[in-house]
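Secondary and tertiary structure notes
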Number of protein chains: 2
Amino acid sequence: MAEEGKIRREAATAAPGALGYRPLYRQAKEILLKRLAEGVWQPGQALPSEPELASDLGVSPGTVRKALDEMTAENLLVRRQGRGTFVARHDEARILFQFFKLVSDAGERRFPESRLLRLEAAKADAAAAGRLRIPQGAPVAAIERVRLLEDCPRVHEWIVVPGSLFPGLASRADLPNNLYELYASAYGVTIARATERLKAVAAGPRQAELLETERGHPLLAIDRLAFAVDGTPAEWRLSLCRTDAFHYASELR
Amino acid sequence: MAEEGKIRREAATAAPGALGYRPLYRQAKEILLKRLAEGVWQPGQALPSEPELASDLGVSPGTVRKALDEMTAENLLVRRQGRGTFVARHDEARILFQFFKLVSDAGERRFPESRLLRLEAAKADAAAAGRLRIPQGAPVAAIERVRLLEDCPRVHEWIVVPGSLFPGLASRADLPNNLYELYASAYGVTIARATERLKAVAAGPRQAELLETERGHPLLAIDRLAFAVDGTPAEWRLSLCRTDAFHYASELR
DNA sequence: TAGTGGTCTAGACCACCAT
DNA sequence: TGGTGGTCTAGACCACTAG
């Protein structure tokens, strides 16, 4: 193993303006991220205290704090004053806050129910392979489901995940509503962030049937690519949504 | 005037758990925000150095730094190492980064051209009054325009702003493409953040004509409410977009 | 009461920029 | 060369939680 323990200071030795210089707190963060990706600390568990981490990594508490601050801002950690710093869990509250942007026009956010239509092992087609950055034909698990908002079918959803990250997922007997929680607890894959591309499209015959509307009805298409803590693309998801009484909420800061 | 100069420490005197306790750095930030809203420092100008601000506010440099850090994270300030801290300008780069989320499917971000259709003084209808939190019938300026992406008409846009914030805007001879820059330079109103609600809708006859498509074509409706530095709703904007070769990019972090 | 994170301070040194 | 922001350290004290 190369750099597993304490941080080797690069600052003092590197030439001024040298490439590859990184602040200590980023090096500290990198080590913590690595441990997070390796599952050294499980979701919901407390990390060691700040002074402990500091002496462990060989830096001052203030430096560790800055690393933890960034990871907290990225929703990877949760700090609770007087209790400790915890690995963020993919509970419904977090998913509603970070990933699920559909809100009723009245302003209510609720976690959607799911009705599973299909779950099978397959091979990545060109589109999925390109998005997930895996070879075409590589094994994947494919999920098709309808999601209910306030008891009405409003979202038709396809999900493709790499078989290498989620072995056996396609043959599970049951699939929970909250997939990100499953990814983390059963496969050790923590979704850290995602990018979404939105378009307006017309409903095809399948959406018309499943979402109880007519062909050509305008739907919001959400094409999401979700990334694990280490940056690996871990899930591709395409959601077609009726937005008659709901909208996608976006904050521009 | 109550608290204009130095910060009155609340921490030591307030009872433990007392309501209304705020950290020093937030009080410092509040004062800086107020000065920003009052136009004490103009967009593009440099703020005083950190030690200067610290002695000015009567706190330590580290405390000022934390306030500046937050304001930088909110895109209100820009720090340039070795040069100083500057008030963020609404140049095209910032708007593309912070507010304009339409991207070509190839991944290119470009600032859209505008073709003005209408500019007039009007009275706020119920919808505009509700969104802008002004009385119904209050004077507003209304703008209607078409925006071009890669030389093709792709967005049909209505904009309503309160007449009280932008006196005389409706009778301007010319209207620049970049409105936020105009708001800041001509009226001292800096847009700090916005919320958007997205829906898929069908094109009406007017959109069909303006956007060179047929009625019923699916369009992405973006309903944006933009807020000034002090939190006042300053602009309501409804954009209907063809997303055939473009998409709305959203980052979930 | 002990332990945690949160705030605040003070100062040293580094990296970057303008001159 | 001088001034700026960026990083790093060390320590004091406050606020919150648990036992």
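Everything numeric here is computed off the predicted structure, so don't read it as measured data. (Residues numbered from 1 in each chain as written. Chains lettered and ligands numbered in written order. Predicted model: local features only at pLDDT ≥ 70, side-chain atom pairs only at ≥ 80, totals over all residues. Heavy atoms only, no water.)

The final tally for this structure, using the stated rule, is 46 salt bridges over all chains. Arg79 of chain A is the partner of Glu50 of chain A in a salt bridge, and the nearest nitrogen-oxygen pair spans 2.2 Å. Here Glu50 of chain A is found in helix 2 (residues 50–57), whereas its partner Arg79 of chain A is found in strand 1 (residues 77–80), with 29 residues between them in sequence. A residue is classified by how much of its surface remains accessible, and Glu50 of chain A, at 19% relative accessible area, is buried. Exposure remark for Arg79 of chain A: the relative accessible area of 25% places this residue in the partly exposed category. Between Asp244 of chain B and Arg242 of chain B there is a salt bridge; the shortest N-O distance is 2.7 Å. (Salt bridge = Lys/Arg side-chain N within 4 Å of Asp/Glu carboxyl O. Helix = DSSP H or I, 4+ residues; strand = E, 2+ residues; numbered from the N terminus. Buried < 20%, exposed > 50% of the residue type's maximum accessible area, 1.4 Å probe, protein only.)

All names here are of chain A. Under the counting rule described, the total for this entry stands at zero disulfides over all chains. You can see Cys152 has no disulfide; the closest cysteine sulfur is in Cys241, sitting 14 Å from it. Accessibility expressed as a relative area gives 29% for Cys152, which makes it partly exposed. (Disulfide = S-S within 2.5 Å.)

What follows deals with the sheet that holds strand 9 (residues 233–241) of chain B. Reading across from one edge, 3(A)-10(A)-7(B)-8(B)-9(B)-6(B)-5(B)-4(B) is the order of the eight strands in this open sheet, with antiparallel pairing throughout. Looking at strand neighbours, the two that pair on one side only are strand 3 (102–104) of chain A together with strand 4 (113–123) of chain B, the edges of this open sheet. Strand-to-strand, the axes of this sheet are offset by a mean angle of 25 degrees, without reference to chain direction. The pairing of strand 5 (residues 139–149) of chain B with strand 6 (residues 152–162) of chain B spans ten bridges and is antiparallel. Paired with Ala142 of chain B across the bridge in strand 6 of chain B is Val160 of chain B. Packing against the sheet, helix 6 (residues 179–187) of chain B makes contact with strand 5, strand 6, strand 7 (191–202), strand 8 (218–228) and strand 9 of chain B, and its axis sits at approximately 165 degrees to strand 9 of chain B. (Pairing = 2+ DSSP bridges. Axes fitted to C-alpha atoms, helices over the stretch in contact; angles between N-to-C directions. Contact = heavy atoms within 4.5 Å.)

All names here are of chain B. Two numbers describe how helix 2 (residues 50–57) lies on helix 3 (residues 61–73): the axes approach to 8 Å, and their chain directions differ by 105 degrees. Taken together, the axes of helix 2 and helix 3 lie roughly perpendicular to each other. Judged by residue contacts, Glu50, Leu53, Ala54 and Leu57 of helix 2 engage Pro61, Val64, Arg65 and Leu68 from helix 3. Of the residues in the contact of helix 2 with helix 3, the class split is six nonpolar, no polar and two charged. (Parallel < 35°, antiparallel > 145°, perpendicular 65-115°, else oblique. Nonpolar A, V, L, I, M, F, W, Y, C, P; charged D, E, K, R; others polar.)

A full pass over the atoms with the stated rule returns six cavities of 30 Å³ or more. Estimates place the volume of the largest cavity at around 230 Å³. Lining the largest cavity are 22 residues, and of these Phe100, Arg147, Glu157, Arg224 and Arg237 of chain B sit closest to its centre. Contributions of two or more residues to the lining of the largest cavity are made by strand 5, strand 6, helix 6, strand 8 and strand 9 of chain B. Here the lining of the largest cavity gets three residues from one element, more than from any other, and that element is strand 9 of chain B. There is about 120 Å³ of room inside the second largest cavity. With three residues, the single largest contributor to the lining of the second largest cavity is strand 9 (residues 233–241) of chain A. (1 Å grid on protein atoms, 1.4 Å probe; cavity = no way out; pocket = protein on both sides within 12 Å on 5 of 7 lines; lining within 4 Å. Points joined across faces, edges and corners; volume = space filled by probe spheres on them.)

Residues and elements named next belong to chain B. Of all nine residues in strand 9, eight are buried; the element is thus mostly enclosed. Where strand 8 and strand 9 come together, eight bridges link them in antiparallel fashion. Bridge pairing links Ile222 to Ser239 in strand 9. Between strand 8 and the antiparallel strand that follows it, strand 9, lie four residues; Gly231 among them carries a positive phi value of about 95 degrees.

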